[in-house]
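Coordinates in review
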Amino acid sequence: TAPQLLHAKAVLVATGSVEARLPSIELDPPYIGGSTTALAYDEVPRRLAVIGAGAIGLELGSVWSRLGAAVTVIEYAPRILWGMDSELATTTQRLLSKQGLNFILGSKVTGVRRDAKGCTVELEGKESLQADRVLVAVGRVANVEGLQLGKVGVEVDARGRIPVDAKFCSKAPGVMAIGDVIAGPMLAHKAEDEAVACVEHLATGAGHVDYDAIPYVVYTHPEVAAVGLTEDMLKEQQRAYRRGTFPFSASARARAANTTDGLVKVLADAKTDRILGVHIVGPHAGELIAEAATCMSFKASSEDLARVCHAHPTLAEAVREAALAVDGRALNM
């Protein structure tokens, strides 16, 4: 069809992201492919190699492992879930290892080749790995190719993202951007909030996104969820803090459901007691983190959270118990 010309006061770029590529790997679907390919395998691979131990690699790797594949996860960084709280990452790796996933950390993939026998993943300084399918899950990049942004004066940064101001305006008059094409975590709910705030700016002149209270969820089993600062960040900042943890093994609801793996961690400022971060690995962590995000949005303290009556028996009690533990007052430890 012929191109259609549209006239508008403002144009909002919200084209999302696409799978990141490694220059050393030539994709050959369905044997060597990204996450979209891995969603549509026509059979359970006997051996699956996953390159990348971030959220996507762990989510799809754990799914195919539960379906019967022998899964090996290869990660360039020294640990999985780089950027999330290291204690939770260590706990998650231990739990996934118990489920049968193998991990090769601190390893660089130099190439992948396929022949009649399957795929060979070549590792720098280490023995090659054999697999039937290879999932390349090394992140995502802004989907701006083909938009010809330069023609209207829209610049992109070194990572292909569109720089915007607090109102999501680019340097080109009338061109705005939100979501995965701008800086920040590539999360659907972050993009949704930005879209609402952007339209509010256009309609009323005011709009806001609380970037300090955007939750992250990794949909493995059990789930991993977080909001706010990690303990690693607080140590790096040399910021005084207190911490409280509570294991799901001490939760009556978790024990009744036989889902006792994992823990809740609450981090609070040592002076003000304001909640700085909450980190959860365990059953329904993606649902439980909403309470923590709400508390952080309202600048609540760990004492505020600890004083809220929680129904019993529920998994949410573990969040309250972790908040109580910040002051050494957990009830069911």
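This section reports on the structure supplied with the text. (Residues numbered from 1 in each chain as written. Predicted model: local features only at pLDDT ≥ 70, side-chain atom pairs only at ≥ 80, totals over all residues. Heavy atoms only, no water.)

Let us now look at the pairing of strand S10 (residues 133-136). Going residue by residue along S10, you find Arg133 and Leu135 tucked away on one face and Val134 and Val136 tucked away on the opposite face as well. As paired elements, strand S3 (residues 32-33) and S10 share two bridges and run parallel to each other. Within S10, the residue paired with isoleucine 32 across the bridge is valine 134. Here four bridges tie strand S4 (residues 47-51) to S10, and the two strands are oriented parallel to one another. For leucine 48, the partnering residue across the bridge sits in S10 and is arginine 133. (Buried < 20%, exposed > 50% of the residue type's maximum accessible area, 1.4 Å probe, protein only. Helix = DSSP H or I, 4+ residues; strand = E, 2+ residues; numbered from the N terminus. Pairing = 2+ DSSP bridges.)

Okay, the sheet that holds strand S17 (residues 275-282) next. Taken in spatial order, the five strands of this open sheet run S13-S14-S17-S16-S15, and their pairing is antiparallel. The open sheet is flanked by strand S13 (216-218) and strand S15 (241-247), the only strands paired with a single partner. Across the sheet, the mean angle separating the axes of adjacent strands is 10° when strand polarity is ignored. Taken together, the three bridges between S13 and strand S14 (residues 223-228) define a ladder with antiparallel strand orientation. The partner of valine 217 across the bridge, within S14, is alanine 225. Taken strand by strand, helix H3 (residues 86-98) contacts S14, S15, strand S16 (263-269) and S17, and its axis lies near 5° from that of S17. (Axes fitted to C-alpha atoms, helices over the stretch in contact; angles between N-to-C directions. Contact = heavy atoms within 4.5 Å.)

Before going further, it helps to spend a moment on the nonpolar core. Ranked by size, the top nonpolar core spans 30 residues in total, and within it Val227, Phe248, Val264, Ile275, Val278, Ile280 and Ile289 carry the most contacts. Broken down by secondary-structure element, the contributors of at least two residues to this core are S14, S16, S17, helix H7 (285-297), helix H8 (302-307) and helix H9 (317-325). If one sorts the elements of this core by residue count, H7 sits on top with seven residues. Not counting residues up to four positions away in its chain, the partners in contact with valine 278 are Ala225, Ala226, Val227, Val264, Lys265, Val266, Ile289 and Ala292. Formed by 27 residues, the second largest nonpolar core is a distinct cluster that contains Leu60, Ala69, Val71 and Met84. (Core = buried A, V, L, I, M, F, W, Y, C linked by side-chain atoms within 4.5 Å.)

Note that all results are geometric; they support no functional claim without further evidence.
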